[in-house]
Amino acid sequence: MEGVPGINTVPNPNHYDKSIVLDVKPLRSLKPVFPNGTQGPPFVGCPPFGSPPSGYSPFFPFGGQQPTQDPPDLNQTQDTPPPSFVAPLRTYRTPTVVSNGPSSSSTATKRGVGRPKGSTNAKKKEKTVPEEHNLDIQVVKRFSTDYDSGISVAEREDGNGDLVSSVLMRYDAVRRRLGQVEYGKATTAKAAGTMMSNGVRTNMKKRVGTVPGVEVGDIFFSRIEMCLVGLHMQTMAGIDYITSKVGSDEEPLATSIVSAGRYDGEAQDPESLIYSGQGGNADKNGQASDQKLERGNLALEKSLRKGNGVRVIRGEEDPASKTGKIYIYDGLYSISESWVEKGKSGCNTFKYKLVRIPGQPPAFGLWKAVQKWKEGLTSRTGLILPDLTSAVESKPVSLVNDVDEEKGPAYFTYVSSLKNSETFRLTQHTVGCSCNGSCAPGNLNCSCIRKNGGDLPYLNGVMLVSRKPMVYECGPTCPCLANCKNKVIQTGLKARLEVFKTANRGWGLRSWDPIRAGTFICEYAGEVKDKGMLREDQEEDDEYVLDTSRVYHSFKWNYEPALVDEDPSDEVPEEFNLPSPLLISAKNFGNVARFMNHSCSPNVLWQPVVCEGNGESVVHIAFFAIRHIPPMAELTYDYGVSPTSQSRDGSFLHGKRRCICGSVKCRGSFG
């Protein structure tokens, strides 16, 4: 029998544990099994924080019932008894996310069990609930019961920058892979359940103030991501808090709030915020009620009296999605005042004014400034050219210098793809696909899908799922539609980019738009050179060259097979497989990629992509986001080191140019 994830099977046949499935029966005939007084110790619930009892794996207590109709508090504090938790059943079919909100009337309905026959609500259309608000966080079976997350108990309690970055990258890699396999299905909740049941998370210890490893201005594409790194532990409720003992009483203190901007009176001022309390929402009969001074509302009131800082996360519409949201961590705020006023429903609503603590880097304020530039409400300071591409690209690329008086980079001819590509074509004759419409995953009649191992290499037509030795795209001669999900790098820029003057590294590249991990940014356009025909001094003098023969710092980006129920032996290699070195010079002909600077901690990776056309294959170098990139963050990638360079300490080759990337992991040289 397959075990329930996150729970170890107890071998004692006389001991019944209601957290595991003892027998698999049709869903409609399942009955709960409870231990009696002679059947050993009662069910042991794992605490949401700290080490679990011996013999039990950690899991997160989602699904706890709340005493009020307020949004559920999905993360209990240490002083609150943990709720019981029954993991969703794993059937022979791939589990799907059940979009039942917190107002479901029974546990059976919440867990995805079908309604009894004859139910009057069986055919009633359910209200659409955003996936991140779904209480049914999918907990999937682990590939191995002894899965090692690589995160110690202490690191789960208290994280750091590397851990936070790693957890978010691992989560998004799993989410992308699940989205690739379960094409067309929402996989956010399922990916979250996988991470939580396998202990891939950090900063589980609730705290007031800053969270280790989370920086002001960081962006998140779901509340679940914030939960995984301890920024905001609630996946639904807007107020998170801790409870501490004060004498014989318990005193709550607010730790963080999420302002989604949808409640009456919430301001859009980047330096202050009017926040509405929780509760009092209309019940199933449409009757609203006065909010009560309890739970999150009481925590905000106590924080006002105590004066502690509260983390504020601002929610904004995702410009790349019709229904998605982006959450911007805007730093610490202090609560300056509170009051009660009548809401639209006529009921009393708590209001709190929060003021941003000075001295923090801009986050939401920068977001709002960029929005005004896009809408033409304000002009961009230091703007030299509104579009340096002269409309070659599908989106304009601004040229900006607000540092000194330089009027622009040295002259070059802007091109959007490769020149002289005939010097580097794959030798084998290729045939494009014969699909009508759009290429579909799993369609082995499609030659392009077959070359990609039976999958579409991209998610939603914009995000690279995994690094591979080679990605194969449909080409211009393939009969599939222009918007085929396997045509990504050929469709141009996806984000509004800006070439800007840096303080000490010449010109750089950044985006006005938020960029999600895996999203295509641009390709490296320029002249393809024959490396064998270049003298060493010619190559050294060219600062705008991308050379695939260089040695690049290795890193893990792809999903872990064990986290998605795949055999580890089937893991896709991340090393590139080029038939010969490719050298592209963007000195005289190039695109925005020529302005991307080097970093020893880059946020952009490159991937070889083959485009089919006219019976030939041309290799392109495409850039994708390693992690989520906030607006106005500089885009950088690893330039690598020449294999002929000498190593100073034996750990990594020493480059020919001094590195001033400023990263804490700076290796000191590159090139």
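Position labels on residues start from 1 in each chain and follow its written sequence. Reporting of local features is limited, given that this is a predicted model, to residues whose pLDDT is at least 70; pairs of side-chain atoms are given and counted only at 80 or more, and all residues count toward the totals for whole chains, interfaces and linings. Side-chain metrics rest on all non-hydrogen atoms present in the structure, leaving aside hydrogens and water.

J.: Help me understand the overall build of the protein chain in this model?
T.: Helical segments are the DSSP runs of H or I of at least four residues, strand segments are the runs of E of at least two, and each set is numbered from the N terminus. Each helix and strand in the protein chain was counted, giving 9 helices and 28 strands. With 671 residues in all, the protein chain has 52% of them scored as buried. Every residue pair with non-hydrogen atoms within 4.5 Å of one another is taken to be in contact. Contacts in the protein chain between residues far apart in sequence, at least 24 positions, make up 69% of those at least 6 positions apart. Entry remark: accessible area of the protein chain is about 31000 Å², with carbon and sulfur atoms responsible for 51%. Residue exposure (1.4 Å probe, protein chains only): buried if accessible area is under 20% of the type maximum, exposed if over 50%, otherwise partly exposed. For accessible areas, the Shrake-Rupley method is used with a probe of radius 1.4 Å. Any residue's cover is judged against the shown protein chains and nothing else.

J.: Honestly, unusual backbone geometry in this entry has me stumped. Any pointers?
T.: With glycine set apart, most residues show a phi of negative sign, and most peptide bonds adopt trans. Backbone geometry at Asn203 places phi at a positive 55°, although glycine is not the residue there. Tracing the backbone shows Asn203 in the loop between α4 (188-197) and β1 (219-220).

J.: Before we go on, may I ask you to explain the sheet that holds strand β20 (residues 545-547) in this structure?
T.: Sheet strands pair via backbone hydrogen bonds, and the direction of the pair is either parallel or antiparallel. Taken in spatial order, the 4 strands line up as β11-β19-β21-β20 in an open sheet, and their pairing is mixed. What marks the edges here is a single partner per strand, and that holds for β11 (418-419) and β20. Here 2 bridges tie β11 to strand β19 (residues 526-529), and the two strands are oriented parallel to one another. By the bridge assignment, Lys419 is partnered in β19 with Glu527. A strand pair is defined by DSSP finding two or more bridges across the two strands.

J.: Which parts of the structure should I look at to understand the sheet that holds strand β17 (residues 507-511)?
T.: Across the sheet, which stays open at both edges, the 4 strands sit in the order β8-β9-β16-β17 with mixed pairing between neighbours. Each edge of the open sheet is held by one strand with a lone partner, namely β8 (383-385) and β17. Ignoring which end each strand starts from, the neighbouring axes of this sheet average 35° apart. Sheet topology note: the strand β9 (residues 398-400)/strand β16 (residues 497-501) ladder contains 3 bridges and is parallel. Directly across from Ser398, in β16, lies its bridge partner Glu498. Inter-axis angles, ranging from 0 to 180 degrees, are taken between N-to-C directions of lines fitted to C-alpha atoms, where helices are fitted over the stretch in contact.

J.: How do you make sense of the side chain of Ser511 when you look at a structure like this?
T.: The topology assignment puts Ser511 in strand β17. A polar side-chain atom of Ser511 sits 2.8 Å from the main-chain carbonyl oxygen of Asp513. The contact partners of Ser511, leaving out residues within four places of it in the chain, are Ala495, Arg496, Leu497, Pro631, Met632 and Ala633. The definition of a polar contact used here is a pair of N or O atoms within 3.5 Å, where within protein one atom must be able to donate a hydrogen and the other to accept one, and adjacent residues in sequence count solely through side-chain atom pairs.

J.: Would you mind showing me how to read the pattern of salt bridges here?
T.: Pairing is possible between side chains of opposite charge, provided their charged atoms come close. Salt bridge, as used here, is a side-chain nitrogen of Lys or Arg placed within 4 Å of a carboxyl oxygen of Asp or Glu. Across all of its chains, the model carries 26 salt bridges by this definition. The shortest N-O distance in the salt bridge between Asp158 and Lys205 comes to 3.2 Å. Here Asp158, found in the loop between α2 (153-157) and α3 (161-181), pairs with Lys205, found in the loop between α4 and β1; they are 47 residues apart in sequence, far enough to count as distant. On the accessibility criterion, Lys205 (33% relative accessible area) is partly exposed. Taking the shortest distance from any N to any O, the salt bridge between Arg305 and Glu301 comes out at 2.6 Å. Within this pair, Arg305 and its partner Glu301 are both found in helix α6 (residues 295-306), separated by 4 residues, close to a single helical turn. Look at Arg305 and you get exposed, because its relative accessible area is 63%. You can call Glu301 buried: its relative accessible area is 13%. Here the residues in one salt-bridge network are Arg380, Asp402, Glu498 and Arg510, joined through shared partners.

J.: For this particular structure, what's the right way to read the packing of α3 against α4?
T.: Each pair of packed helices gets described by two things: the angle between the helix axes and the distance between those axes. Between α3 and α4, the shortest axis-to-axis distance is 9 Å and the interhelical angle comes to 130°. What the angle tells us is that α3 and α4 run oblique. Here α3 runs over α4; the crossing is right-handed. Of α4, the residues touching α3 (which contributes Val167, Arg170, Tyr171, Val174, Arg175 and Leu178) are Thr188, Lys190, Ala191, Ala192 and Met195. Considering only residue class, the contact of α3 with α4 consists of 7 nonpolar, 1 polar and 3 charged. Working rule for angles: under 35 degrees goes down as roughly parallel, over 145 as roughly antiparallel, 65 to 115 as roughly perpendicular, anything else as oblique. Here a crossing is called left-handed whenever its near helix is offset anticlockwise from the far helix by less than a right angle, and right-handed whenever the offset is clockwise. Throughout, the ten residues Ala, Val, Leu, Ile, Met, Phe, Trp, Tyr, Cys and Pro are labelled nonpolar, Asp, Glu, Lys and Arg are labelled charged, and all others, Gly among them, are labelled polar.

J.: Help me understand α4 in this model?
T.: One full turn of an α-helix is made of 3.6 residues, so residues set three or four places apart face in the same direction. The element α4 is extensively covered by neighbouring structure, given that 10 of its 10 residues are classed as buried. Buried-residue contacts for α4 involve α3 and α5 (223-228). Backbone geometry just downstream of α4 places Gly199 in the positive-phi region, at approximately 75°.

J.: Sorry if this is basic, but what is going on with the pairing of strand β5 (residues 310-317) here?
T.: For β5, a buried count of 7 out of 8 residues is recorded, marking the element as mostly surrounded by other parts of the structure. Bridge count between strand β3 (residues 249-259) and β5: 4 bridges; the pairing is parallel. Residue pairing for β5: Val258 is matched across the bridge by Ile313.

J.: Just checking my understanding: could you explain the state of the cysteines for this structure?
T.: Two cysteines joined by a covalent bond between their sulfur atoms form a disulfide. Two cysteine sulfurs form a disulfide in these notes if their separation is within 2.5 Å. The final tally for this structure, using the stated rule, is 0 disulfides. We note that Cys448 lacks a disulfide partner, and the nearest cysteine sulfur, in Cys474, lies 3.6 Å from it. Here Cys448 falls in the buried class, since its relative accessible area comes to 1%. Not part of a disulfide, Cys666 finds its nearest cysteine sulfur in Cys659, a span of 3.6 Å. Taking relative accessible area as the criterion, Cys666 reaches 31% and is therefore assigned partly exposed.

J.: Mind showing me how you'd approach the packing of aromatic side chains here?
T.: How two aromatic rings sit relative to each other is set out by the distance from centre to centre and by the angle between their planes. Aromatic pairs are defined between Phe, Tyr and Trp rings, using the six-membered ring for Trp, whenever the two ring centres lie within 6.5 Å; interplanar angles under 30 degrees are classed as stacked, those over 60 as edge-to-face, and all others as tilted. Taken as a whole and assessed by the stated rule, the structure comprises 12 aromatic pairs. Both rings, one in Tyr639 and one in Phe670, keep their centres 5.4 Å apart while their planes meet at 85°; by these two values the pair is edge-to-face. You can see Tyr639 sitting in the loop between β26 (636-637) and β27 (657-658) and its partner Phe670 sitting in strand β28 (residues 669-670), a full 31 residues away along the chain. Exposure class is identical for Tyr639 and Phe670. Each is buried. These aromatic residues form a ring-pair network of at least three members: Tyr524, Phe623, Tyr637, Tyr639 and Phe670. One residue, Arg510, lies across the ring of Phe500, its end atom 3.7 Å from the ring centre. For Arg594, the ring lying beneath its charged end belongs to Phe595, and the centroid distance is 5.1 Å. Definition used: whenever NZ (Lys) or CZ (Arg) falls within 6 Å of the ring centre and also within 35 degrees of the ring normal, the charge is taken to sit over that ring.

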